[in-house]
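Here's the letter readout for the chains.
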Amino acid sequence: MALDLDVRPSDRPVDDAARSEILADPGFGRYFTDHMATARWTADDGWHDASVHPLEPFTLHPAAAVLHYGQEIFEGLKAYRHADGSVWLFRPDKNARRFAHSARRLALPVLDEDDFVAAVEALVRADAAWVPDAPDGQEASLYLRPFMIATEPFLGVRAAHEATFGVVASPAGPYFSGGVHGVNLWVTDRFVRASRGGTGDAKTGGNYAASLAAQADARDRGCDQVLYLDGEEHAWLEEAGTMNVFLVTSGGELLTPALGSILDGVTRDSLLDLAPDLGLTPVERRIGLAELRERLADGSVTEVFAAGTAAVVTPVVGIRGEDRDPEGADDGAGVVWEQQVGDGTPGAASLELRSALLDLQYGRTPDARGWLRRVV
Ligand SMILES: *Cc1c(COP(=O)(O)O)cnc(C)c1O
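About the thresholds
Residues numbered from 1 in each chain as written. Predicted model: local features only at pLDDT ≥ 70, side-chain atom pairs only at ≥ 80, totals over all residues. Heavy atoms only, no water. Salt bridge = Lys/Arg side-chain N within 4 Å of Asp/Glu carboxyl O. Buried < 20%, exposed > 50% of the residue type's maximum accessible area, 1.4 Å probe, protein only. 1 Å grid on protein atoms, 1.4 Å probe; cavity = no way out; pocket = protein on both sides within 12 Å on 5 of 7 lines; lining within 4 Å. Points joined across faces, edges and corners; volume = space filled by probe spheres on them. Helix = DSSP H or I, 4+ residues; strand = E, 2+ residues; numbered from the N terminus. Nonpolar A, V, L, I, M, F, W, Y, C, P; charged D, E, K, R; others polar. Domains from an automatic or database assignment. Near = heavy atom within 4 Å. Polar contact = N/O pair within 3.5 Å; in protein donor to acceptor, adjacent residues only side chain to side chain. Areas by Shrake-Rupley, 256 points an atom, 1.4 Å probe, with all protein chains shown as cover. Sits in = over half its atoms within 2 Å of the grid points.

S.K.: I tried to follow the pattern of salt bridges on my own but got confused; where do I start?
M.R.: A side chain with one charge may pair with a side chain of the opposite charge, provided their charged atoms come close. Taken as a whole, this structure holds 26 salt bridges when the rule is applied. Residue Asp49 pairs with Arg40 through a salt bridge whose shortest N-O separation is 3.6 Å. Residue class for Asp49 comes out exposed when judged on its relative accessible area of 52%. Overall, Arg40 belongs to the partly exposed group, its relative accessible area being 38%.

Set out below in structure tokens:
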């Protein structure tokens, strides 16, 4: 089904001077463009009322299902401006497919994948002036946030009969100001983000709400991000909560945890595909924390990094965790351990993979895989 998208341009867009000022230092997720896309769904009428229109607040009934039971999903992708001024999306079909997967898991209506891409493209066209230039390898882009919420005013627990799909856009500057630097990960054994049969492989707000306490814990331990272990044995690497994790071995493998309860990242998939071009062998399998710790100690794991759309590739330079007495009290203090990754600076293969992906996204190398989609 092709949704009919009505485009109603804003008659009061942010003026050129104010927009230029924002684009000079947008940060991440702080400023929003002139327009948004929305479409409504009801069980009786299916998808309808699709449009791109001036950005405006929602009016929601206080009993809307999303406010009580968290029936929500989202996506994240970017529009990139190439040197010739054209604007491109990177593998938006992958986001569309994952959005449909998340919708099924959260019992939300599935939006046709072509309609998803069409809505994103229509918004990028309406807000094309908000896609920053990216001169000299700088990493500016327009971050796009498609989402869906259950809007039916009903307090019974069942899948809502009314939902709203939306897309908002927010200019994004380089994730790392002042050059790529490495982060430290806190291995949490106190919190899990997912378990088999849960929602770990869906992009839903609840996973993020549940991650905030763990993230605060990581900060308290002097770390930047959490590294989650599996929910059953607390022994196997999962991911970093907003990013997938990778190891580089001295034998030239690019190792990452197999799919299951982790998010099937577009960046993850793309890096696995690009790895052979850089002389790395991609391997997806279970990876034990014990294996990671042994191989960091004996030097056969040379690099660790996290990967996702927002930060691209984030080198990991240190890992910390806590060994606690399994018989002890739940909040009993344990012994904190810490291991450096490689020489404690971002690794060469991590930085090469990062550049290879960015060069593709910004049109600086040929798109042999047909991953880019031109919008403007
Ligand atoms: C979005 C997300 C990622 C990264 O996915 P990309 O498609 O590469 O941006 C990783 N983990 C979680 C939990 C996520 O929500």
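S.K.: Help me understand empty space enclosed by the protein, please; the structure alone is not making it clear to me.
M.R.: Gaps between atoms show up when a probe of the same size as a water molecule is rolled over them. Applying the stated criterion across every chain, the model contains four cavities of 30 Å³ or more. In this model, the largest cavity occupies a volume close to 80 Å³. Around the largest cavity sit Gly76, Leu77, Lys78, Tyr80, Phe90, Asn95, Val266, Thr267, Thr309 and Gln361, which together line it. Taken together, the elements giving at least two residues each to the lining of the largest cavity come down to strand S5 (77-81) and helix H6 (266-274). With three residues, the top contributor of residues to the lining of the largest cavity is S5. Partitioning the lining of the largest cavity into residue classes produces four nonpolar, five polar and one charged. Formed jointly, the lining of the largest cavity draws a minimum of three residues from each of two domains, domain 1 (6-174) and domain 2 (183-361). Quantified by volume, the second largest cavity comes out at close to 40 Å³.

S.K.: Just to check I follow, could you spell out the site of the ligand for this structure?
M.R.: Within the structure, the ligand sits among 15 residues, and Lys203, Tyr208, Glu239, Thr267 and Thr309 are positioned closest to it. One of the side-chain N or O atoms of Glu239 is found 2.6 Å from a nitrogen atom in the ligand. Against a free-state accessible area of 380 Å², the protein chains account for coverage of 97% of the ligand. Among the detected pockets, the ligand sits in the largest pocket. Looking at side-chain class alone, the shell around the ligand contains four nonpolar, seven polar and four charged residues.

As far as function goes, none of this settles anything; it's purely spatial.
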